[in-house]
Amino acid sequence: MKKLLSIIAVVALPFTANAAETKKCPVSGKDADPNCKLKHEGITYTFCCGKCCSKYNKDIKASVYHRLGGRKAINAAVDAFYKRVLADEKVNHFFEDVNMKRQAKKQKAFLSAAFGSPVKYTGKDMRAAHKHLDLTEADFGAIAASTKNAVLNKKAKK
């Protein structure tokens, strides 16, 4: 949670393929050996060899996603972010006709992938997803301020 501001930042990191979907080793691209597996956050990934499995596991643990606390931390941060935003009269009107459960799910998937989760993000990029809203710098500033206040209030309570 103390990294909430970092999580909300829009970043441009490469997304990795979900090995469980492709049946290919996510490291080498070769056919996966069904006997060479790694389970991470409830998903089983398959690899062509133990060396690739070890590399993948090492990369996951070195990722920003893992260092932030993985799925549990991303989920908590996104939930706290939307709670704060929906309470902010300067920006909550953008979410009046939005299914917030679906919105939070998409945001969690995007941020997880952007921060190095092994699960591939398949949604729209941020620019395309928000184009219809005609957002201004003031709108972005209100969101950023709300997020910053959430982080500072969290730190002050510790």
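Before any of the text, the structure's been laid out above.
Residues numbered from 1 in each chain as written. Predicted model: local features only at pLDDT ≥ 70, side-chain atom pairs only at ≥ 80, totals over all residues. Heavy atoms only, no water.

A tally of regular secondary structure across the chain gives eight helices and two strands. Every one of the 158 residues in the chain was classed for burial, and the buried ones make up 33%. Put simply, of all contacts in the chain between residues at least 6 apart along the chain, 60% involve residues at least 24 apart. Accessible area of the chain: about 10300 Å², with a carbon and sulfur share of 54%. (Helix = DSSP H or I, 4+ residues; strand = E, 2+ residues; numbered from the N terminus. Buried < 20%, exposed > 50% of the residue type's maximum accessible area, 1.4 Å probe, protein only. Contact = heavy atoms within 4.5 Å. Areas by Shrake-Rupley, 256 points an atom, 1.4 Å probe, with all protein chains shown as cover.)

What follows is about the state of the cysteines. Per the stated rule, a full pass over the model turns up zero disulfides. Of all cysteine sulfurs, the one in Cys53 lies closest to Cys36, which takes part in no disulfide; the gap is 4.8 Å. (Disulfide = S-S within 2.5 Å.)

Okay, the packing of aromatic side chains next. Given two aromatic rings, their pairing is described by the distance between the two centres and the angle made by the two planes. Overall, the coordinates contain five aromatic pairs when judged by the stated rule. Ring geometry for Tyr82 and Phe95: centres 5.8 Å apart, planes at 75°, overall edge-to-face. Of this pair, Tyr82 sits in helix 5 (residues 70-86) while Phe95 sits in the loop between helix 5 and helix 6 (100-114), placing them 13 residues apart in sequence. Residue class for Tyr82 comes out buried when judged on its relative accessible area of 7%. Using a relative accessible area of 16% as the deciding quantity, one classes Phe95 as buried. With 5.3 Å between their ring centres and 75° between their planes, Phe110 and Tyr121 make a pair best called edge-to-face. Remark: Tyr121 occurs in the loop between helix 6 and helix 7 (126-130) and Phe110 occurs in helix 6; sequence separation between them is 11 residues. Take Phe110: its relative accessible area is 6%, and that puts it in the buried class. For Tyr121, a relative accessible area of 15% translates into the label buried. (Phe/Tyr/Trp six-rings, centres within 6.5 Å; stacked < 30°, edge-to-face > 60°.)

Core analysis: the largest hydrophobic core is formed by 19 residues, its most contacted members being Ile74, Val78, Tyr82, Val85, Val91, Leu111 and Phe115. Every element with two or more residues in this core is listed here: helix 4 (64-68), helix 5, helix 6 and helix 8 (137-157). When neighbours within four sequence positions are excluded, Val78 is seen to be in contact with Ala104, Gln107, Lys108 and Leu111. Formed by nine residues, the second largest nonpolar core is a distinct cluster that contains Cys25, Leu38, Cys53 and Ile60. (Core = buried A, V, L, I, M, F, W, Y, C linked by side-chain atoms within 4.5 Å.)

This part takes up the pairing of strand 2 (residues 43-47). Examined bridge by bridge, strand 1 (residues 33-40) and strand 2 share five bridges and lie antiparallel to one another. Note that in strand 2 the partner of Lys39 across the bridge is Thr44. Here strand 1 folds back onto strand 2, and the loop between the two strands holds two residues, one of which, Glu41, carries a positive phi near 50°. (Pairing = 2+ DSSP bridges.)

The next subject is helix 6. Taking 1.5 Å per residue, 15 residues should reach 21 Å; helix 6 reaches 21 Å between its end C-alpha atoms and fits that length. Along helix 6, the residues classified as buried are Gln103, Ala104, Gln107, Lys108, Phe110, Leu111, Ser112, Ala113 and Ala114. A side-chain oxygen of the first residue of helix 6 lies 3.1 Å from the backbone nitrogen of Lys101; this N-cap is Asn99. (Expected span 1.5 Å × (residues − 1). Polar contact = N/O pair within 3.5 Å; in protein donor to acceptor, adjacent residues only side chain to side chain.)

Moving on, we get to helix 3 (residues 50-62). With 13 residues, helix 3 extends 18 Å between its outermost C-alpha atoms, agreeing within 8% with the 18 Å of an ideal straight helix rising 1.5 Å per residue. Regarding helix 3, the residues found buried are Cys52, Cys53, Tyr56 and Ile60. Looking straight down helix 3, one finds its buried side chains confined to an arc of 100°; they lie on one side. Structural note: helix 3 exposes Lys51 and Lys58 on the side pointing more than 90 degrees away from its buried face. Looking at the buried positions of helix 3, the neighbouring elements they touch are strand 1, strand 2 and helix 4. (Arc of directions from axis to C-beta.)

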